[in-house]
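Single-letter residue listing:
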Amino acid sequence: GFAAAAILFIIPAVGGTILSAIFLPEYISVGASGGIFGLIGACIADIFINWSLLFSKHVNASDEGVRFRHLKVLLWLLFDIVINCLI
């Protein structure tokens, strides 16, 4: 929900800003990259935690594309990471 997404965004964003100020005190940096990478990390953790559930026959009734389903998920995640790094 909204509260969980806000927490997953705000805590890494604040942590990234604090770490940036500690390790790079001569540079001023402002941005949402820490929060975005926090959300990406949460997505990766969710995929790894629920890996067997994502591809179980109970969730996916049809057998269409079963062979490449793992690859599709990983490629989509990689695409998402690349796009967020470029933005």
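Each remark here, short or long, concerns the structure printed above.
Predicted, not measured: the structure shown is a model, and the values here were computed from it.

**With respect to the packing of aromatic side chains**
Enumeration according to the criterion identifies 1 aromatic pair in this entry. Between Trp-76 and Phe-79 the ring centres are 5.4 Å apart and the planes differ by 35°, which places this aromatic pair in the tilted class. With Trp-76 and Phe-79 both in helix α4 (residues 69-86) and 3 residues apart, this pair spans about one turn of that helix. In this structure Trp-76 comes out as exposed when scored by relative accessible area, which is 61%.

**Comments concerning the packing of helix α1 (residues 2-23) against helix α2 (residues 33-49)**
With their axes 7 Å apart at the nearest point, α1 and α2 run at an angle of 130° to one another. Viewed along their axes, α1 and α2 adopt a mutual orientation that is oblique. In this structure, α1 meets α2 at a crossing whose hand is right-handed. Residues Ala-5, Leu-8, Phe-9, Pro-12 and Ala-13 of α1 touch α2, and the partners they reach there are Gly-34, Gly-35, Ile-36, Gly-38, Leu-39 and Ala-42. Residue composition of the contact of α1 with α2, grouped by class: 8 nonpolar, 3 polar and no charged.

Rules behind the numbers
- Residues numbered from 1 in each chain as written.
- Predicted model: local features only at pLDDT ≥ 70, side-chain atom pairs only at ≥ 80, totals over all residues.
- Heavy atoms only, no water.
- Phe/Tyr/Trp six-rings, centres within 6.5 Å; stacked < 30°, edge-to-face > 60°.
- Helix = DSSP H or I, 4+ residues; strand = E, 2+ residues; numbered from the N terminus.
- Buried < 20%, exposed > 50% of the residue type's maximum accessible area, 1.4 Å probe, protein only.
- Axes fitted to C-alpha atoms, helices over the stretch in contact; angles between N-to-C directions.
- Parallel < 35°, antiparallel > 145°, perpendicular 65-115°, else oblique.
- Left-handed = near helix turned anticlockwise from the far one by under 90°.
- Contact = heavy atoms within 4.5 Å.
- Nonpolar A, V, L, I, M, F, W, Y, C, P; charged D, E, K, R; others polar.

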